[in-house]
Structures are given as C-alpha cells and as structure tokens.
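The residues making up each chain are set out below.
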Amino acid sequence: QVQLVESGGGLVQAGGSLRLSCTPSGRTFGGYTMGWFRQGPGKEREFVAAISWSGSRIFYSDSVKGRFAVSRDTAKNTVFLQLNSLKPEDTAVYYCAAAPSPYPPREAGPYNYWGQGTQVTVSS
C-alpha cells in the first residue's frame, strides 16, 4: 500500500519555526512533483508549495512566500517544508501530496497520492 507520511508538526509560538517532513512508503516517486497543502479550521484546502522531481521548479503561495521553503532529498525519497516566521493564521493541518507531473501543479486535482496530514498550531 502506497502511503505518504508527514511528520514534524506541533505547537509553536508566533515567530517560531517548524520543519515538516514527508516520506513515502510502498513506492518511490521518481519523476513526481511533491506538493504541500494545508487546511485551516473552517477553511478550504489551499496550496502552499510544490517542488518538481529535479528541484528546478519550485512554487509558493503568496501567503507563505519568503517565509516557507520546500526542498527534497531524492536519495532519501523525502520532501521537506521549512516553516519560518510562523503566524497564527498558518495554523492548519498540512498535507503532503504527489503528482505525476514534471511541472508543479498548484491545484489539488492533479495530485493522486495524499498523506494523512500533520497539525501545525501557532499561538499568538
């Protein structure tokens, strides 16, 4: 069974940092774009960041640009999301996802593998 497993979430004060990890199991994702989405309380799921397999294409939402950084270690088959300068509005469940596309989609539709999510809570 193919799974994406996120880790690294937690409770942090505003201005703090967290590092999320996403590790697939059951298969490798060679050639896949890896994305991060989040869903805050009472909100729809929204795009956060995505990185192509080669790492040459990276996209961020405007709300996190300059504060978050996505990276991947293809040797370890792991993707990371560094969250800096966290704000209370960043509170959400963060999901990792994989899309069979060389060009990182910003929409959820092309992503056909999803993790269960990891909770990030930012206190003011």
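Since the structure is predicted, the reported quantities are computational estimates derived from the model, not experimental observations.

### A few points about the overall build of the chain
Here is step 1: Tallying secondary structure elements over the chain gives zero helices and eleven strands in all.
Here is step 2: If you list the helices and strands of the chain from N to C, you get β-β-β-β-β-β-β-β-β-β-β.
Here is step 3: The C-alpha atoms of the chain give a radius of gyration of 13 Å, which matches the 14 Å a tight globule of 124 residues would have.
Here is step 4: For the chain, the spread of C-alpha atoms along the three principal axes comes to 40 × 30 × 25 Å.
Here is step 5: Of all intrachain contacts in the chain linking residues separated by at least 6 positions in sequence, the fraction that spans at least 24 positions is 59%.
Here is step 6: Accessible surface, the chain: about 6,100 Å² in total, of which carbon and sulfur atoms supply 48%.
Here is step 7: The centroid of the 12 positive side-chain charges in the chain is displaced by 6 Å from the centroid of its 8 negative side-chain charges.

### Brief notes about the pattern of salt bridges
Here is step 1: Inspection of every chain in the model, using the stated rule, returns four salt bridges.
Here is step 2: Here Lys 65 ties to Asp 62 by a salt bridge, and the two come within 3.5 Å at their closest N and O atoms.
Here is step 3: In this structure, Asp 90 and Arg 67 form a salt bridge, with 2.7 Å as the shortest nitrogen-oxygen distance. Pair noted here: Asp 90 is in the loop between β8 (78-83) and β9 (92-99) and Arg 67 is in the loop between β6 (58-60) and β7 (68-73), with a separation of 23 residues, a long-range link.
Here is step 4: Note on Arg 67: relative accessible area 11%, which makes it buried.

### Topic: the sheet that holds β8
Here is step 1: Reading across from one edge, β1-β3-β8-β7 is the order of the four strands in this open sheet, with antiparallel pairing throughout. The strands lining the two open edges of the sheet, one partner per strand, are β1 (3-7) and β7. Sheet twist, expressed as the average angle between the axes of neighbouring strands with direction ignored, equals 20°.
Here is step 2: In the sheet, β1 pairs with strand β3 (residues 18-25) via five bridges, with the strands oriented antiparallel. The residue bridging Val 5 from the neighbouring strand is Thr 23, located in β3.

### Some thoughts on the packing of aromatic side chains
Here is step 1: In the structure shown here, the tally under the stated rule is eight aromatic pairs.
Here is step 2: When the centroid spacing of 5.1 Å and the interplanar angle of 80° are considered together, the rings of Phe 37 and Tyr 111 count as edge-to-face. Of this pair, Phe 37 sits in strand β4 (residues 33-39) while Tyr 111 sits in the loop between β9 and β10 (113-114); the two residues are 74 residues apart in sequence, bridging distant segments of the chain. Summarising the burial analysis for this pair, Phe 37 and Tyr 111 share the class buried.
Here is step 3: Among the aromatic residues, those joined into a ring-pair cluster are Phe 37, Phe 47, Tyr 111 and Trp 114.
Here is step 4: Arg 27 extends its terminal NZ or CZ atom over the ring of Phe 29, reaching a point 4.7 Å from the ring centre.
Here is step 5: Positioned above the aromatic ring of Tyr 95 is the side chain of Arg 45, whose terminal nitrogen or guanidinium carbon lies 4.0 Å from the ring centre.

The rules behind each value
Residues numbered from 1 in each chain as written. Predicted model: local features only at pLDDT ≥ 70, side-chain atom pairs only at ≥ 80, totals over all residues. Heavy atoms only, no water. Helix = DSSP H or I, 4+ residues; strand = E, 2+ residues; numbered from the N terminus. Rg over C-alpha atoms; globule rule 2.2 N^0.38 Å. Contact = heavy atoms within 4.5 Å. Areas by Shrake-Rupley, 256 points an atom, 1.4 Å probe, with all protein chains shown as cover. Lys, Arg positive; Asp, Glu negative; His and termini not counted. Charge placed at Lys NZ, Arg CZ, Asp CG, Glu CD. Salt bridge = Lys/Arg side-chain N within 4 Å of Asp/Glu carboxyl O. Buried < 20%, exposed > 50% of the residue type's maximum accessible area, 1.4 Å probe, protein only. Pairing = 2+ DSSP bridges. Axes fitted to C-alpha atoms, helices over the stretch in contact; angles between N-to-C directions. Phe/Tyr/Trp six-rings, centres within 6.5 Å; stacked < 30°, edge-to-face > 60°. Lys NZ or Arg CZ within 6 Å of the ring centre and 35° of its normal.

Shape descriptors only; they carry no functional weight alone.
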